[in-house]
Amino acid sequence: MLDRDVGPTPMYPPSYMEPGMGRPTPYGNQTDYRIYELNKRLQNWTEDCDNLWWDAFTTEFFEDDAMLTITFCLEDGPKRYTIGRTLIPRYFRSIFEGGATELFYVLKHPKESFHSNFVSLDCDQCTMVTQNGKPMFTQVCVEGRLYLEFMFDDMMRIKTWHFSIRQHREVLPRSILAMHDPQMLDQLAKNITRCGLSNSTLNYLRLCVILEPMQELMSRHKTYSLSPRDCLKTCLFQKWQRMVAPPAEPARQAPNKRRKRKVSGGSTVSSGGGSNNNSNSKKKSPANSFSLSSQDVMMVGEPTLMGGEFGDEDERLITRLENTQYDGANGLEDEDSFNSSPALGAHSPWNNKAPSSQESKNDNSQSSQ
């Protein structure tokens, strides 16, 4: 016995059974349930829905940088159309403008895969069903493969939509075929869609080939209220700047500290080498050891000397410079070698030797007498 007073049977997602049939209601974070919500929202469409309604629909189910791709094959070869987020609302609207009064997607055996930041849904047996009321009542079933990528977050909006159409079928009511009007039969023999898409949708996809590259111009015109010519000049100039400008250099890392070489304590360094070490150490500054440009808080570190910090492995090197020409214990060299010096000539003032203290006393006593 059938209950005829319960109203129309609600539509549940194809991959789940109806509530009360031994299976609980699906959770809202599953991908195929998001398709069920999308179908439910499309069922609320009416002829009074304007652009704001379609934009709200797209905002709810698609990311801001979402891309929608449709591939199919016509008489003149395969076609592929890709549109961005701005043009997606008009795509769904074109389906209803082509005569459809209902649109929903049926998924059979979808495969769900989890990735780092998104969840993919791959359904090889997807059917896009539209109920057309014009020019006559016809149900169009478009079969193909649907691949979706949902962002793995609370909203789970679609980032990538790729629908590859393989074939389509147009189903007519049997009551219409019972009519014996020859003109009606000739009209019924003609398909109302091409590859499952209406002429309104096909024309819009062809138009998107021109509109998609012009999204930058439209956005600039809407933001800055420039004329189309000025928008084109600005976009071309910025594109030329990006082509001419050199690529950005990667951020340079701060140079690592150089550790001083350890020198054995018994080694001696000449006077020339000591001067080089002093000059190199003077060139260094404590600012080279660390950078304060990226630090907000300055901490007091260990004492530093000559541009480096002391650690457990650092040692202070004390160099002993020896002068072989001077003997601190014996004083000057022998007097004989000093007298034989070529600097002492016959008329040299250094040649007159100063009198000793004893001789000066004798001279004074003789002069007094």
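Not measured: the values here are computed from a predicted model. Residue positions are given per chain, counting from 1 as you read along its sequence in written order. Only residues with pLDDT of at least 70 are given local features in this predicted model, and only at 80 or more are side-chain atom pairs given and counted; all residues enter the totals for whole chains, interfaces and linings. Processing note: side-chain calculations cover all non-hydrogen atoms of the structure and skip hydrogens and water entirely.

Caption draft 1: Examining the environment of I83 more closely. Numbering goes from the N terminus for both helices and strands, where a helix is a DSSP run of H or I of at least four residues and a strand is a run of E of at least two. Here I83 is to be found in strand 2 (residues 77-84). Each residue is placed in one exposure class: buried if its accessible area under a 1.4 Å probe, protein chains only, is under 20% of its type's maximum, exposed if it is over 50%, and partly exposed if it falls in between. Judged by relative accessible area, I83 falls into the buried class, the value being 1%. For the pair I83 and M67, spaced 16 residues apart in sequence, the C-alpha to C-alpha distance is 5.8 Å. Non-local contacts of I83, meaning those with residues more than four positions away in its chain, are made with A66, M67, L68, I88, Y91, C208 and E212. Every residue pair with non-hydrogen atoms within 4.5 Å of one another is taken to be in contact.

Caption draft 2: Representation of a nonpolar patch on the surface in the model. Taken together, the side chains of L207, V209, I210, M214 and M218 define a hydrophobic patch exposed on the protein surface, amounting to about 430 Å² of accessible area. Inspection of the secondary structure assignment puts M214 in the loop between helix 6 (199-211) and helix 7 (215-224). Since its relative accessible area comes to 33%, M214 is described here as partly exposed. Patches here: salt-bridge-free residues with over 30% relative accessible area, like charges joined within 9 Å, nonpolar side chains (Val, Leu, Ile, Met, Phe, Trp, Tyr) joined within 5 Å. Shrake-Rupley sampling with a 1.4 Å probe provides the accessible areas, and residues are treated as covered by the protein chains on show and by no other component. Here, a salt bridge means any Lys or Arg side-chain nitrogen found within 4 Å of an Asp or Glu carboxyl oxygen.

Caption draft 3: Just the environment of Q125, in detail. Here Q125 shows up in strand 5 (residues 118-132). Counting along the chain gives 16 residues from Q125 to H109, while the straight-line C-alpha distance between them is 7.2 Å. Here Q125 is in contact with V106, L107, K108, H109 and G144, once residues within four sequence places are set aside.

Caption draft 4: Up close: the confidence of the model for the chain. Note: pLDDT gives the predictor's confidence per residue, expressed from 0 to 100. Chain-level pLDDT for the chain is 74 on average; 58% of the residues reach the 70-or-more range. Taken together, the stretch residues 1-28 has pLDDT below 50 and engages in 26 contacts with residues farther than four places along the chain or on a different chain. Contacts from residues 281-287, a stretch scored under 50 in pLDDT, to residues over four places away or in other chains number five contacts.

Caption draft 5: Seen up close, the environment of L121. Topologically, L121 is positioned in strand 5. Separated by 91 residues in the primary sequence, L121 and Q30 place their C-alpha atoms 10.0 Å from one another. Residues contacting L121, with those up to four places away along its chain left out, are T31, D32, I35, L107, P110, K111, L146, Y147, L148 and F150.

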